[in-house]
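Given next are the chains, with one letter for each unit.
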Amino acid sequence: MIFLKRHPKFHFAAAFIVGGAIGLGPLEGESAEKAVGGDRVDVEASFRADMLPLLERFCYDCHGDGSSKGDLVLDEYADFQTMLRDRGTWEEIMHQIDTKVMPPPKRKEQPTPDEREKMLGWIERAVFHFDCEHPDPGRVTLRRLNRAEYNNTIRDLVGVTFRPADDFPADDAGYGFDNIGDVLSLSPLLFEKYLAAAEKILDQAIRTSEPPKPEQTYDAEDLRGGGLAGPARVLPSSGEITTGHEFRMPGTYTVKVSAAASQAGDEAAKMALRLDGTELRQFEVPNLPDAYREYSADIKVEKGGHRIDVAFLNDFYDPEAADQNRRDRNLFVRSIRIEGPLGVVLPVPEFQRRYLGEKVKEGDRMTVARKALEAFVLRAYRRPAEEEEIERLLGFLAMPEKDDPYAFEQGLKLAFSAVLASPHFLFRGEMQVDPDNPAGNYLIDEFALATRLSFFLWSSTPDDRLLELAGKGELRANLDAEIGRMMADGKTRALTENFAGQWLQLRNVELVSPDRKRFRDFDSALARDMRRETELVFERIVREDRSVMEFLTADYSYVNERLAGYYGIPEVKGGDFKLVSLRGTPRGGILTHASILTLTSNPTRTSPVKRGKWVLENILGTPPPEPPPNVPALEERRRGDGGGDTLRQRLEKHREDPNCAACHALMDPIGFAFENFDATGRWRDKDGDAGIDSAGELVSGEKFKDSAELRTILASEKKGDFVRCLSERMLTYALGRGLEFYDKCATKEIVRRVEENDYRFSALVRAVVDSVPFQYRRGDGERLYN
């Protein structure tokens, strides 16, 4: 009896599969017959007929009869059931067979496509019990809104313009994304932040007292001119203290200057108030700096930005004056305050007007409150409110003092605050159709579908249209139209920020720190331009429904003047990004974007290892194994070294360690293809004094001479791997959970539909939305109870 044994040092890049003629016992309550495909098949006979001959031909030379390459041996093992329970190992084995990494490409005899399918099929049926005719939708994890989702939801739900979640603790990430339910915990500190945010949000949304006069105060530190002297700015000679101010509407405003002066000579200090250089009024300032006074004037302005100046008009200095306290006249300005516009009644906040109207009559208050809460809870909880929930919320109306003229608004503010602090708002929970039957799988209801759809495409709560269709039971019947409407909405910017930003790791571009001595042109502004280039290409593919293969093949990009100069692209002027052709240049697709090349480099040099690993993980979906412990770091090249001490040669020496060879054979050739791009993505012909060799060969046998040929291979021979990787990433993001072995049926169907629809981005989105794990849920998923 022989089967797989996994050793601590075993790397699946270098090792393969198992063998043995054994029987199959019961697995997790299923009979041996059910474990293989549903037909009553003798598993042992199937193993002997289908698997063992292939294992003997392709595996035993290296992993049996005394051979143990990759620390994998295929004899003296325990039992077959133990092997089958190690699903993580089998999943990786399947991956190695499917991607043709094993058997090693240099081996002359290789399995035919039919033989590979036979091996994969047996593992799928015997180990994973795959049955795509009866798919498993997977678990549903209760998901807290992450920071981006909270900000977007508050924006769409309440209409405030600030981003309250920016003050929250950073979200943890899992499986490459920060919307994964398993890692989104709720700490006491975060709950306190939620309570404070709810109050701050509703302070702007509901007026609960007489509106104060709008004002803006510019303190000494906010002003320009003169010099700081304690809490004020001082003009020791004639000059101006100034500030700019954005007036939101035309009208009359009051400008108040808090000022004082040290006195000298026969007259008091004089100052002038000026608007955009035009003098409006002069003041005498007789008070000393220990007694500031306000000097005010009304001004009429048009909407827009204006400059306000306070000028010192009569400087005086007499060092011989008998009274030493009156030898030097100086003007002190502590602040400039702007109030107004005067005589304008501020409108009721939009949120309040939407839910309550302009003014509520006393006899109508309970009716209005009930309707307001029902409408707000529908959008906040993403489902219709239950009667007992509304009754509890209406109880808040009795809490404020009854004689307060704003008691009604104050009570509703408390009720709305309770909604924003409720787990029904903060968490995305889904009601079970039949909680007494946990074994069943169920089509999610249309409100849950609206929620999944809106958070997938918008990272926000469903809008009125989605909720209306869900309430009528018509959302599924109108999915094509609704997905099209949502993809055309500007809120799909969230896909760029949250999906592309994490899939491509663009969020990290501005965090990298290339050595400024070596890369003098690199700064934070250039990093932002690099990131924006990749975002704009992603947005074009989404907006114009282009082929997802253009992520690898695009012969265009977006650059502004600075980035164009960095790339050597002529005739681009200004700071705005423009669509340009990359034909005739060494660039094409996102792999040659400076953003990707920079974040996959070291501070002082390129890193073929990081670049190769990034492509394996994010483009091909074939991440290399973790490095073994205690492997020494690559020796850095010292300045002044000559000869053959190139990066390629140093890595070749590094690969002489057998613990390193297999993984580096996967990563290094890919990374070296991009060696003509330095650590900040700029083209170069040499690395120091040495020439650059960007040629290589993938472990699957494809050869290339440079990055252009590698990109062609990735977009042709490896097209299926890329589409599968992108599909897996998008499904992970859409579901908010990591994919499991039983999700393979869904990913295969998504890939098939993308291929059948010319690889259009919309086909990818629609296939994800139509997938079983997106549309269905297990009966034993977690539930959010009232």
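## Remarks on the overall build of the chain
What the chain contains, in helices and strands, is 29 helices and 21 strands. Among the 786 residues that make up the chain, the fraction classed as buried is 52%. If you take every contact in the chain between residues at least 6 apart in sequence, the share linking residues at least 24 apart comes to 71%. Total accessible area on the chain is roughly 36,600 Å²; 48% of this is exposed by carbon and sulfur atoms.

## Quick word on helix 11 (residues 387-394)
Looking at helix 11, one finds that the buried residues are Glu389, Ile390, Leu393 and Leu394. Taken end-on, helix 11 shows its buried residues confined to a sector of 135°, consistent with a single buried face. Close packing links the buried residues of helix 11 with helix 10 (365-381), helix 12 (407-420) and helix 13 (423-426).

## Comments concerning the state of the cysteines
Linking two cysteines covalently via their sulfur atoms produces the bond known as a disulfide. Counted according to the given criterion, the structure contains one disulfide. The disulfide bridge from cysteine 132 ends at cysteine 745, spanning 2.0 Å between sulfur atoms. Here the disulfide of cysteine 132 and cysteine 745 is left-handed, its torsion about the S-S bond being about -85°. Linking cysteine 132 in the loop between helix 6 (113-126) and strand 1 (143-144) with cysteine 745 in helix 27 (residues 744-756), this pair joins segments that are 613 residues apart in sequence. The exposure class of cysteine 132 is partly exposed, given its relative accessible area of 46%. For cysteine 745, a relative accessible area of 13% gives the class buried.

## Brief notes about the pattern of salt bridges
Applying the stated criterion across every chain, the model contains 64 salt bridges. In this structure, arginine 532 engages glutamate 539 in a salt bridge whose closest nitrogen and oxygen atoms are separated by 3.3 Å. Here aspartate 743 and arginine 737 are joined by a salt bridge, their closest N and O atoms 2.8 Å apart. A single burial state applies to aspartate 743 and to arginine 737, both of which are buried. What emerges from the salt-bridge pattern is a single network uniting Arg493, Glu497, Glu510, Arg531, Arg532, Glu535 and Glu539.

## Quick notes on a nonpolar patch on the surface
Together, Leu186, Phe191 and Leu195 give the surface a local cluster of nonpolar side chains, amounting to about 230 Å² of exposed area. Looking at the element boundaries, phenylalanine 191 is found in helix 8 (residues 188-205).

## So, the packing of aromatic side chains
Scanning all chains against the criterion turns up 24 aromatic pairs. Measuring from centroid to centroid gives 5.8 Å for phenylalanine 283 and tyrosine 295, while their planes differ by 65°, and the two rings are edge-to-face. Highlighted residues: phenylalanine 283 in strand 8 (residues 278-285) and tyrosine 295 in strand 9 (residues 293-301), separated in sequence by twelve residues. Just as phenylalanine 283 is buried, tyrosine 295 falls in that class too. Their ring planes at 45° and their centres at 6.3 Å tell us that phenylalanine 499 and phenylalanine 538 sit as a pair that is tilted.

## Digging into the sheet that holds strand 5 (residues 239-247)
One open sheet holds the four strands; their spatial order is 5-10-7-8, and the pairing between them is antiparallel. A single partner strand is all that each edge strand has here, and the edge strands are strand 5 and strand 8. Here the average twist between neighbouring strands, direction ignored, is 20°. Judged from the nine bridges that link them, strand 5 and strand 10 (residues 304-312) form a sheet pairing that is antiparallel. Counterpart to isoleucine 241 in the pairing with strand 10 is valine 310.

## Let's talk about the nonpolar core
Of all hydrophobic cores here, the largest spans 100 residues; its most connected members are Phe456, Phe722 and Phe761. Leave out the neighbours within four places in its chain, and phenylalanine 456 touches Leu495, Met730, Tyr733, Ala734, Val765, Val768, Val769 and Phe774. Counting residues in each nonpolar core, the second largest holds 41 residues, with Leu190, Val377, Leu393 and Ala415 among its members.

## Regarding the side chain of glutamate 124
In this structure, glutamate 124 sits in helix 6. Given a relative accessible area of 13%, glutamate 124 falls into the buried group. Within the local environment of glutamate 124, its side chain forms a polar contact with the side chain of lysine 748, the two groups lying 3.3 Å apart. Those residues in contact with glutamate 124 that sit more than four places away from it in its chain are Met94, His129, Phe130, Lys744 and Lys748.

## Remarks on the side chain of arginine 452
When you line up the elements, arginine 452 lands in helix 14 (residues 446-457). A polar side-chain atom of arginine 452 sits 2.6 Å from the main-chain carbonyl oxygen of phenylalanine 774. In this structure, arginine 452 is in contact with Val140, Arg428, Glu430, Ile444, Pro773, Phe774, Gln775, Tyr776 and Arg777, ignoring residues within four places of it in sequence.

## Topic: unusual backbone geometry
With the exception of glycine, most residues fall at negative phi, and the peptide bonds are largely trans. Cis geometry marks the peptide bond from glycine 340 to proline 341, where omega comes out at 10°. Positive phi, close to 55°, is recorded for aspartate 276, a residue that is not glycine. Mapped onto the elements, aspartate 276 comes out in the loop between strand 7 (269-275) and strand 8. Classification of aspartate 276 as partly exposed rests on a relative accessible area of 37%. Located in the positive-phi region is arginine 382, a residue other than glycine, with phi close to 65°. Within the secondary structure layout, arginine 382 lies in the loop between helix 10 and helix 11.

## A word on the confidence of the model for the chain
On average, residues of the chain score 87 in pLDDT, and 87% of them reach the 70 mark or higher. In the model, residues 1-41 has pLDDT below 50 throughout and makes 131 contacts with residues more than four positions away in sequence or in other chains. In the predicted structure, residues 638-643 sits below a pLDDT of 50 and forms one contact with residues beyond four places in sequence or in another chain.

## Let's talk about the packing of helix 5 (residues 87-98) against helix 6
One way to put it is that helix 5 packs onto helix 6 with a least axis distance of 10 Å and a crossing angle of 165°. Regarding the angle of helix 5 to helix 6, the classification is roughly antiparallel. Crossing of helix 5 against helix 6: the hand is left-handed. Across the interface between the two elements, Trp90, Ile93, Met94, Ile97 and Asp98 of helix 5 pack against Arg116, Met119, Leu120, Ile123 and Glu124 of helix 6.

## Overview of the environment of lysine 718
Locating lysine 718 in the fold gives a position in the loop between helix 25 (707-715) and helix 26 (719-735). Here the alpha-carbon distance between lysine 718 and isoleucine 619, two residues 99 residues apart in the chain, equals 9.4 Å. When near neighbours in sequence (up to four residues on either side) are disregarded, lysine 718 contacts Leu620, Leu698, Ser700, Glu702 and Ile713.

## Description of the environment of glutamate 221
Residue placement: glutamate 221 occurs in the loop between strand 2 (215-219) and strand 3 (227-229). Expressed as a C-alpha distance, the spacing of glutamate 221 and proline 231, which sit ten residues apart in the sequence, is 8.3 Å. Not counting residues within four places of it along the chain, the set of residues in contact with glutamate 221 comprises Leu228 and Arg233.

Cut-offs used in this document
Residues numbered from 1 in each chain as written. Predicted model: local features only at pLDDT ≥ 70, side-chain atom pairs only at ≥ 80, totals over all residues. Heavy atoms only, no water. Helix = DSSP H or I, 4+ residues; strand = E, 2+ residues; numbered from the N terminus. Buried < 20%, exposed > 50% of the residue type's maximum accessible area, 1.4 Å probe, protein only. Contact = heavy atoms within 4.5 Å. Areas by Shrake-Rupley, 256 points an atom, 1.4 Å probe, with all protein chains shown as cover. Arc of directions from axis to C-beta. Disulfide = S-S within 2.5 Å. Salt bridge = Lys/Arg side-chain N within 4 Å of Asp/Glu carboxyl O. Patch = residues over 30% accessible without salt bridge, like charges linked within 9 Å, V, L, I, M, F, W, Y side chains within 5 Å. Phe/Tyr/Trp six-rings, centres within 6.5 Å; stacked < 30°, edge-to-face > 60°. Pairing = 2+ DSSP bridges. Axes fitted to C-alpha atoms, helices over the stretch in contact; angles between N-to-C directions. Core = buried A, V, L, I, M, F, W, Y, C linked by side-chain atoms within 4.5 Å. Polar contact = N/O pair within 3.5 Å; in protein donor to acceptor, adjacent residues only side chain to side chain. pLDDT = per-residue confidence, 0-100. Parallel < 35°, antiparallel > 145°, perpendicular 65-115°, else oblique. Left-handed = near helix turned anticlockwise from the far one by under 90°.

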